[in-house]
Amino acid sequence: MSVDPIVIILIVLAVALVAGGATYALVRSRRNKALPPGKPRPGIDYTPGVGDDATEPRDTQRRGVQDVGLPGAGTAVLEPGETVE
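To keep things clear, this report deals only with the structure shown in the data block. (Residues numbered from 1 in each chain as written. Predicted model: local features only at pLDDT ≥ 70, side-chain atom pairs only at ≥ 80, totals over all residues. Heavy atoms only, no water.)

## Brief notes about the overall build of the protein
- On a plain count of helices and strands, the protein comes out with 1 helix and 0 strands.
- Considering the protein as a whole, with its 85 residues, one finds that 0% of them fall into the buried category.
- Approximately 8800 Å² of the protein is accessible, and the part contributed by carbon and sulfur atoms is 62%. (Helix = DSSP H or I, 4+ residues; strand = E, 2+ residues; numbered from the N terminus. Buried < 20%, exposed > 50% of the residue type's maximum accessible area, 1.4 Å probe, protein only. Areas by Shrake-Rupley, 256 points an atom, 1.4 Å probe, with all protein chains shown as cover.)

Dropping the structure here:
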């Protein structure tokens, strides 16, 4: 008793189709799992309230290098023409 080659081809195609469908379903189910929700962002996820904005406004004046006191520098100022000995 011999099996017709067409029957073998149809069986192989059916097995391949079932295996492909199972693989697709498995990959699709893993891809759809949502990530845990992150930390809510004020102004984007909800309207900000009191205490939500801890940063300084952009238009705040910033201190320059000349305003910062250096440790051990004291308050001595040289007049033009004076030298340090």
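The structure having been displayed, the exposition proceeds.
## Observations regarding a nonpolar patch on the surface
- A cluster of nonpolar residues, Val3, Val7, Ile8, Ile11, Val12 and Val15, forms a patch on the protein surface that exposes about 530 Å² of accessible area.
- Summarising the element assignment, valine 12 is placed in helix H1 (residues 5-31).
- Relative accessible area serves as the criterion here: at 52%, valine 12 is assigned to the exposed category. (Patch = residues over 30% accessible without salt bridge, like charges linked within 9 Å, V, L, I, M, F, W, Y side chains within 5 Å. Salt bridge = Lys/Arg side-chain N within 4 Å of Asp/Glu carboxyl O.)

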